[in-house]
Amino acid sequence: LVGFSPLLWPVAPVMAATFTVTSTADNLTNGDGFCTLREAISAANNAATNDCGSASAGNDTIVLQSGATYTLNLDGTAGDEDANAEDDLDIAGVSAAGTLTIQGNGATIQRSTAVLCDPNGSVVAGEFRIFEVLSGFGGGGNLTLQDVTVKEGCAEQGSGGGISASFGATVTVTNSTISGNTATGNGGGVYHESGDLLVANVTITGNRASVGFGGGL
């Protein structure tokens, strides 16, 4: 008998991508020629090809404009969704999307205060946190924030007004500021359910956990 070994097909490497944000608007309007922060995250989540570039499953980098302010105001429905379609900026798990680094270059990412954050237990459109790092099969999201300010997040009926990280996620924040965020649960500034959290040279100030514990972390 003659034995045959199965053919081994080469596996193409997953390439990293760099998305340069060119607009401070908060939208997913594909085809207008402008790359918004929300579009860049959708591409880095391997969820959509858009004005920022092709959807990427690699370890990606988003570059913000130096000193710019990105005001999040896309939120037509009360409550939280996890597809980055509106409200907070959702970071997908590493098995689908790889890791994500956001180079802030001194930029600010903030929630619009057209709707005030009223931690009364009733969620209205316009009340949402800034970042949610999701869990996922094969590993939770992996987010690194560098040289950026995260402010005015509002986790009504939840934890982590600025950043909320789910089970198995990894969050690294360096040379940044987390300020003026509110949660009705724990961690007004940052909340991590379970996983790795590294904070280095970060100012955490003026955050509030109205009912839970840890105004800052």
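Residues numbered from 1 in each chain as written. Predicted model: local features only at pLDDT ≥ 70, side-chain atom pairs only at ≥ 80, totals over all residues. Heavy atoms only, no water.

Peer 1: Describe the environment of Asn59, with residues and values.
Peer 2: Looking at the secondary structure, you find Asn59 in the loop between α1 (37-44) and β2 (60-63). The spacing of Asn59 and Leu145 is 86 residues in sequence and 14 Å in space, taken between C-alpha atoms. If we ignore the near neighbours within four places in the chain, the residues touching Asn59 are Ala16, Ala17, Gly98 and Thr99. Within the local environment of Asn59, its side chain forms a polar contact with the backbone nitrogen of Thr99, the two atoms lying 2.9 Å apart. (Helix = DSSP H or I, 4+ residues; strand = E, 2+ residues; numbered from the N terminus. Contact = heavy atoms within 4.5 Å. Polar contact = N/O pair within 3.5 Å; in protein donor to acceptor, adjacent residues only side chain to side chain.)

Peer 1: Describe in detail the nonpolar core, supporting the description with residues and values.
Peer 2: If you look at the biggest cluster of nonpolar residues, it comprises 37 residues, and the most contacted ones within it are Ile62, Leu64, Ile109, Phe131, Leu145 and Ile163. Going through the elements one at a time, α1, β3 (69-72), β4 (89-91), β5 (100-111), β6 (131-133), β7 (142-151), β9 (163-165) and β10 (170-179) are the ones with two or more residues in this core. Those residues in contact with Phe131 that lie beyond four places of it in its chain are Ile41, Asp88, Leu89, Ile91, Ile102, Ile109, Leu143, Leu145, Val150, Gly162, Ile163 and Ser164. (Core = buried A, V, L, I, M, F, W, Y, C linked by side-chain atoms within 4.5 Å. Buried < 20%, exposed > 50% of the residue type's maximum accessible area, 1.4 Å probe, protein only.)

Peer 1: For the environment of Ser23, give the residues involved together with the corresponding values.
Peer 2: Summarising the element assignment, Ser23 is placed in the loop between β1 (18-20) and α1. Put simply, Ser23 and Ile204 are 181 residues apart on the chain and 27 Å apart in space, counted from C-alpha to C-alpha. In contact with Ser23, not counting residues within four places along its chain, are Phe34, Cys35, Thr36, Leu37, Gln65 and Tyr70. A polar atom in the side chain of Ser23 sits 3.1 Å from the backbone nitrogen of Ala25.

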